[in-house]
Amino acid sequence: ELGPSQVFVQEGVAMLRDGTSLAGGTATLMTVVRTAIAAGVSPAQAVQSATSVPAALLDLTSKVGSVKEGMRADLVVVDRDYFVTSVFRCGEIVRQ
């Protein structure tokens, strides 16, 4: 459901149940980062766009959005192709 509307996802596309309208995207944030890099965005800018930029927009930069002492330590570790290999939440590993 998307508000009052019924939605279905097929082949990565979210559509209203009646099939008349696009209901949104289904890409993960890391898929968007990889796509941006493949399109020519620098890796640094793509990662900033996924981390510090949203934190600033949500006024959360005192807690999240960068790696430094005193921050919450929610992190993902990626391989050279930007696929997630590990996830840390509040400094504790939750996926490896």
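Here is what the cut-offs are and how they apply
- Residues numbered from 1 in each chain as written.
- Predicted model: local features only at pLDDT ≥ 70, side-chain atom pairs only at ≥ 80, totals over all residues.
- Heavy atoms only, no water.
- Helix = DSSP H or I, 4+ residues; strand = E, 2+ residues; numbered from the N terminus.
- Rg over C-alpha atoms; globule rule 2.2 N^0.38 Å.
- Contact = heavy atoms within 4.5 Å.
- Areas by Shrake-Rupley, 256 points an atom, 1.4 Å probe, with all protein chains shown as cover.
- Lys, Arg positive; Asp, Glu negative; His and termini not counted.
- Charge placed at Lys NZ, Arg CZ, Asp CG, Glu CD.
- pLDDT = per-residue confidence, 0-100.
- Pairing = 2+ DSSP bridges.
- Axes fitted to C-alpha atoms, helices over the stretch in contact; angles between N-to-C directions.

1. Focus on the overall build of the protein chain
Logical step 1: Helices and strands together make up the secondary structure of the protein chain, namely three helices and six strands.
Logical step 2: Starting at the N terminus, the α and β elements of the protein chain follow one another as β-β-β-α-α-α-β-β-β.
Logical step 3: Computed over C-alpha atoms, the radius of gyration of the protein chain comes to 16 Å, more than 25% over the 12 Å expected from 2.2 N^0.38 for 96 residues, which places it beyond the range of a compact globule.
Logical step 4: If you line up the protein chain on its principal axes, its C-alpha atoms span 50 × 30 × 25 Å.
Logical step 5: Across the protein chain, every contact between residues at least 6 apart in sequence was considered, and the portion connecting residues at least 24 apart equals 9%.
Logical step 6: Of the roughly 7100 Å² of accessible surface on the protein chain, 57% is carried by carbon and sulfur atoms.
Logical step 7: Taking the average location of the 8 positive side-chain charges in the protein chain and that of its 9 negative ones, the two points are 4 Å from each other.

2. Some details on the confidence of the model for the protein chain
For any part of a model where pLDDT is low, the fine detail of the predicted coordinates should not be relied upon.
Logical step 1: Averaged over every residue, the pLDDT of the protein chain is 91; the share at 70 or more is 99%.
Logical step 2: Looking over the protein chain, one finds the lowest element-wise mean pLDDT in strand β3 (residues 22–25), namely 82, and the highest in helix α1 (residues 29–38), namely 96.

3. Considerations on the sheet that holds strand β2 (residues 13–16)
Strand pairing within a sheet occurs via backbone hydrogen bonds; the two strands may be parallel or antiparallel.
Logical step 1: With respect to topology, three strands assemble into an open sheet ordered β1-β2-β3, the strand pairing being antiparallel. Since the sheet does not close on itself, it has two edges, and those belong to β1 (7–10) and β3, each with one partner. Strand-to-strand, the axes of this sheet are offset by a mean angle of 30 degrees, without reference to chain direction.
Logical step 2: With three bridges connecting them, β2 and β3 associate as antiparallel partners. Bridge pairing in β3 places M15 opposite L22.

4. Section: the pairing of β1
Logical step 1: Looking at chain direction, β1 and β2 are connected through four bridges and run antiparallel. Bridged to Q10 within β2 is V13.

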